[in-house]
Amino acid sequence: MTYSVLIGLSAVMVAVQDDTPLVLVTRRDTGEDALPFGPFDPERHRTFDLSLRGWVREQTGFELGYVEQLYTFGDKDRETPEATLADAPPSARVISVGYLALMPEAAPTGDQFEARWQGWYRYFPWEDLRNGRPAMLDAEITPHLHTWAAGNERRLERARITFGLDGHRWVEERVLERYQLLYEAGLVAECARDAGLPKPTTCFGASMASDHRRILATALSRLRGKIKYRPVVFELLPERFTLSALQRTVEAILGLSLHTQNFRRALDKTDLVAGTGRLETSTGGRPAELHEFRRDYVRGIAAPGLATPRKTQE
């Protein structure tokens, strides 16, 4: 049998609004949410980046700013997204190159586009620890993982480390590892769907088409790690912002509450932001000074990310 290889580009477009991290999704004919996805046309596009920006503009109306390549997803059993690659032959092997794009605002997409913004904790509800550990972690997920790992010490230790159980520290960057573990344990709907089985009675988080929740988990892991060593979080903020808004944005991404005084002290040492002398008065509370990201300053240096001192230990 002759196989065709097609290259598609998946976009994880992230914005933060009202302290809620959002991702732009489309809707497949199956009713599942999906990431914006388009084919790479080597005859029309000189680079993957130009191709990505072109079809994102066509499908969503957005002009992309900050973009970085995530990973190439090419597993043999990936579901071919026929709805997007309508000309793909049945034997086609679809290689998807994932991209992370950061947006300064979740602007409306317009009625002519099917894309819409969704909170990313809809797909990973166990990842938001800003108000403490979600009840579902200990009441639902942990018992199911113990059942799955029964009699297998290696599985049990993996579950402990990945989900911060039995005294292990919760590591926020392990979004992908946690999703993959739930997939292997049969606790997400995609596992049954990919195996051609009925949907299980117990599954956590909203499912996505193809392997798009895995791609999204990869993006979340990357972003949570990267804001600690590169100043990418400022791509998610408006030109002027308060320090409180900056902290809330970082907390929204990490799914953690931070120690305000320690966060401010560490921020002062980076020289990444500068006060504008203007005040934010629209909140109705005590006026706070607006700050700007020193973009010109960081272009000439190996600019650091932000320290993320936790408010409490899980």
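Residues numbered from 1 in each chain as written. Predicted model: local features only at pLDDT ≥ 70, side-chain atom pairs only at ≥ 80, totals over all residues. Heavy atoms only, no water.

On to the overall build of the protein chain, then. The helix and strand inventory of the protein chain stands at 9 helices and 10 strands. Whereas a compact globule of 314 residues would reach a radius of gyration of roughly 20 Å, the protein chain reaches 21 Å, a difference of no more than 12%. With the C-alpha coordinates of the protein chain rotated into their principal frame, the extents come out at 65 × 55 × 35 Å. Put simply, the protein chain has 314 residues, and 49% of those count as buried. Intrachain contacts of the protein chain at a sequence separation of at least 6 include 68% that bridge at least 24 residues. With an accessible surface of roughly 15600 Å², the protein chain has 47% of that area assigned to carbon and sulfur atoms. Averaging the positions of the 41 positive and the 43 negative side-chain charges in the protein chain gives two centres separated by 5 Å. (Helix = DSSP H or I, 4+ residues; strand = E, 2+ residues; numbered from the N terminus. Rg over C-alpha atoms; globule rule 2.2 N^0.38 Å. Buried < 20%, exposed > 50% of the residue type's maximum accessible area, 1.4 Å probe, protein only. Contact = heavy atoms within 4.5 Å. Areas by Shrake-Rupley, 256 points an atom, 1.4 Å probe, with all protein chains shown as cover. Lys, Arg positive; Asp, Glu negative; His and termini not counted. Charge placed at Lys NZ, Arg CZ, Asp CG, Glu CD.)

Quick look at the sheet that holds strand β8 (residues 240–241) now. Reading across the sheet, the 3 strands line up as β8-β10-β9 and stay open at both edges, with antiparallel pairing between neighbours. Looking at which strands have only one partner, the edges of the open sheet turn out to be β8 and β9 (273–280). (Pairing = 2+ DSSP bridges.)

This part is about the packing of helix α4 (residues 175–184) against helix α6 (residues 212–226). Where α4 contacts α6, the axes come no closer than 7 Å and their chain directions differ by 150°. Comparing the axis directions of α4 and α6 gives the class roughly antiparallel. Contact with α4, carried on its side by V175, L176, R178, Y179 and Q180, involves R213, R214, A217, T218, L220, S221 and R224 of α6 and no other residues of that element. Residues of the contact of α4 with α6, tallied by class, amount to 5 nonpolar, 3 polar and 4 charged. (Axes fitted to C-alpha atoms, helices over the stretch in contact; angles between N-to-C directions. Parallel < 35°, antiparallel > 145°, perpendicular 65-115°, else oblique. Nonpolar A, V, L, I, M, F, W, Y, C, P; charged D, E, K, R; others polar.)

What follows is about unusual backbone geometry. Even without being glycine, D19 reaches a positive phi, approximately 65°. In this fold, D19 is placed in the loop between β1 (5–17) and β2 (20–27). Overall, the relative accessible area of 32% leaves D19 in the partly exposed class. A positive phi angle, close to 50°, is found at S210, a residue other than glycine. Tracing the backbone shows S210 in the loop between α5 (189–195) and α6.

For α4, the set of buried residues is V175, R178, Y179, L181 and L182. Along α4, the residues classed as buried sweep out an arc of 160° about the axis, all on the same side. Note on α4: the residue one or two positions beyond its end, G186, has a positive phi of about 75°. (Arc of directions from axis to C-beta.)

Detailed reading of the predicted coordinates is not advisable wherever pLDDT is low. For the protein chain, per-residue confidence averages 89 on the pLDDT scale, and 91% of positions sit at 70 or higher. Taken element by element, the predicted model of the protein chain shows its lowest mean pLDDT in strand β4 (residues 37–39) (86) and its highest in helix α7 (residues 243–254) (98). Low confidence marks residues 78–86, where pLDDT is under 50. Its contacts with residues over four positions away, or in another chain, come to 24 contacts. (pLDDT = per-residue confidence, 0-100.)

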